[in-house]
Amino acid sequence: MNSQEENVVNNINVKGMIEYAQRLVRSKSINPPGDYSEISQIVLEEEKRMGLEVALFEGHPGKINVFGLMRGSDPKGEVLCLSGHMDVVPAGDEKIWKYPPFAAEIHDDKIWGRGTADMKGALAAQLYALEAVKNISLRGTVMIGSTVDDETAGVWGMQYLLERGLSAKGWPLPTFHVLGEANHLNITGSFKGRLWLRVTTLGKSAHGGAPQSGINAIDNMIKLIGKFKEVPKINHPLMGEDTFNLGILNGGVKVNMVPAECEAHFDFRMCLPGDTESSLRWFRDTLKGLETEVPHFKVGDFEVYERRNPVEVDFDHPKIEVMKSCIREVTKKEPVIQGSLSAGDLYHTLRAGIPGIWTGPGDINIIHQTDEFLSLDELVQAAKIYALLIQRVCG
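Since the model is a prediction, treat every value here as computed from it, not as a measurement. (Residues numbered from 1 in each chain as written. Predicted model: local features only at pLDDT ≥ 70, side-chain atom pairs only at ≥ 80, totals over all residues. Heavy atoms only, no water.)

> Please give an account of the nonpolar core that cites residues and values.
Formed by 72 residues in total, the largest nonpolar core has its most connected members in Leu80, Val178 and Ile390. If you look at the next biggest cluster of nonpolar residues, it comprises 22 residues, including Ala217, Met270, Phe283 and Leu290. (Core = buried A, V, L, I, M, F, W, Y, C linked by side-chain atoms within 4.5 Å. Buried < 20%, exposed > 50% of the residue type's maximum accessible area, 1.4 Å probe, protein only.)

Have a look at this one:
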């Protein structure tokens with residue numbers, strides 16, 4: 001770390017960053033329903049205060065992405081995108097939380113609350129890292145993104161930005177993307193794909209006291225679930241093993257009626273070299289086999305409402321080596337190369353051929369759970385890593 005870099009990382013406004021993270025957590029950007037009216041204004045005002053070029057990207061009413069830009073001297077230089085999503089999952093029963101989930105209280109050197117690790121702490125660290133370098137002359141451009149609808153796999157966040165939003169305003173596309181998802185400041189760049197399926201089985205209604213007169217759709221669904229669980233699974237050194245989950249099951253109207261319909265939702269995550277097309281073919285073939293082999297088995301709806309192929313960055317990319325050096329110098333530890341069950345917003349950049357990784361503060365194992373928290377020490381380290389990265393990629 002040279003003297004300029006040391007000066008930058010040692011002059012991050014830690015107090016301001018923590019207070020900003022608390023303001024973000026206190027804004028209840030729960031998704032669903034995904035109301036960004038309050039949090040987008042908080043981000044907008046903070047980025048304007050820092051003197052950034054700021055724009056709102058609203059591809060659909062109410063879906064307000066906020067992006068800040070600090071343009072470098074070279075219009076053809078690197079475009080480093082640091083980003084995170086503004087939405088959070090519901091807190092559930094707030095009474096069972098150790099501290100109120102939207103109070104952003106500080107105890108034991110941690111910020112507590114929904115969205116601290118996933119991922120409003122990272123948003124604060126990224127923005128305050130950029131503030132720390134704003135008076136340094138950079139050749140490359142830095143882009144700060146606060147996106148919508150990651151928690152519901154929506155199309156009006158990063159996908160919209162890359163496909164239409166940025167170019168519509170004359171903004172550049174990233175050349176490297178760092179998503180601040182929680183991974184204890186390591187490097188995650190290998191991600192499972194996924195299929196979300198909705199299937200209905202059909203039967204014939206009858207009196208519950210005379211089930212032999214009907215066809216039980218729930219019985220048929222049980223047969224289907226059993227077969228679906230036999231899906232072949234791949235094991236990957238970073239992604240782990242393919243997984244299959246029955247997430248929703250609905251069937252029947254009354255206890256004394258044979259159910260005529262049953263609906264189930266399935267989440268299948270596949271590793272490389274698997275893909276959604278071959279996985280989907282297996283599920284369809286399995287259904288056809290059941291309809292042929294099982295008497296009175298019939299499927300109604302078969303809907304694929306989410307599909308993403310597995311994606312993986314080239315871990316030999318030179319900018320990943322730069323990120324490794326930044327993490328190493330700040331944390332004094334060797335970063336771990338990891339995989340994950342979903343790429344989040346990074347899926348869209350990797351799919352577009354833009355290299356990128358996760359590096360963010362927090363523990364992925366506590367997100368979406370009660371008593372989510374973020375270590376203040378890790379939050380500060382994240383800001384220092386991002387500030388170093390900005391200088392080394394864009395300097």
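> Please set out the side chain of His348 residue by residue, giving values where relevant.
In this fold, His348 is placed in helix 9 (residues 346–351). Among the polar contacts made by the side chain of His348, one reaches the side chain of Arg308 at a distance of 3.5 Å. Sequence-distant contacts of His348, defined by excluding residues within four places in its chain, comprise Met158, Gln159, Leu162 and Arg308. (Helix = DSSP H or I, 4+ residues; strand = E, 2+ residues; numbered from the N terminus. Polar contact = N/O pair within 3.5 Å; in protein donor to acceptor, adjacent residues only side chain to side chain. Contact = heavy atoms within 4.5 Å.)

> Before we move on, could you go through the packing of helix 6 (residues 217–228) against helix 7 (residues 276–293) and cite the residues and values that matter?
The description of two packed helices rests on the angle between their axes and on the distance between the axes. At a closest axis distance of 10 Å, the pairing of helix 6 and helix 7 adopts a crossing angle of 135 degrees. In terms of orientation, helix 6 lies oblique with respect to helix 7. You can see that helix 6 and helix 7 cross each other, and the crossing is right-handed. Mapping the contact onto sequence places Leu224, Lys227 and Phe228 in helix 6 and Trp282, Phe283, Thr286, Leu287 and Leu290 in helix 7. Of the residues in the contact of helix 6 with helix 7, the class split is six nonpolar, one polar and one charged. (Axes fitted to C-alpha atoms, helices over the stretch in contact; angles between N-to-C directions. Parallel < 35°, antiparallel > 145°, perpendicular 65-115°, else oblique. Left-handed = near helix turned anticlockwise from the far one by under 90°. Nonpolar A, V, L, I, M, F, W, Y, C, P; charged D, E, K, R; others polar.)

> Tell me about the pairing of strand 3 (residues 79–85), residues and numbers included.
The element strand 3 is largely enclosed, with a buried count of seven among its seven residues. In strand 3, alternate side chains face the same way, and those of Val79, Cys81, Ser83 and His85 on one face and Leu80, Leu82 and Gly84 on the other are all buried. As defined by bridge partners, strand 3 adjoins strand 6 (residues 141–147) across seven bridges and the pair is classed as parallel. Following the sheet pairing, Gly84 is matched in strand 6 by Ser146. (Pairing = 2+ DSSP bridges.)

> Give a detailed account of the pattern of salt bridges, specifying residues and quantitative values.
This model, assessed by the stated rule, comprises 20 salt bridges. Where Glu5 meets Arg392, a salt bridge forms, and the shortest distance between an N and an O atom there is 3.0 Å. Here the residue Glu5 occupies a position in helix 1 (residues 3–9), and Arg392 occupies one in helix 10 (residues 376–394), the gap between them amounting to 387 residues. Judged by its relative accessible area of 25%, Arg392 is partly exposed. In this structure, Arg114 engages Glu372 in a salt bridge whose closest nitrogen and oxygen atoms are separated by 2.7 Å. Pair noted here: Arg114 is in the loop between strand 5 (110–112) and helix 4 (116–133) and Glu372 is in the loop between strand 17 (356–358) and strand 18 (373–375), with a separation of 258 residues, a long-range link. Exposure class is identical for Arg114 and Glu372. Each is buried. Taken together, the shared-partner salt bridges in this structure form one network comprising Arg23, Glu46, Arg49 and Glu131. (Salt bridge = Lys/Arg side-chain N within 4 Å of Asp/Glu carboxyl O.)

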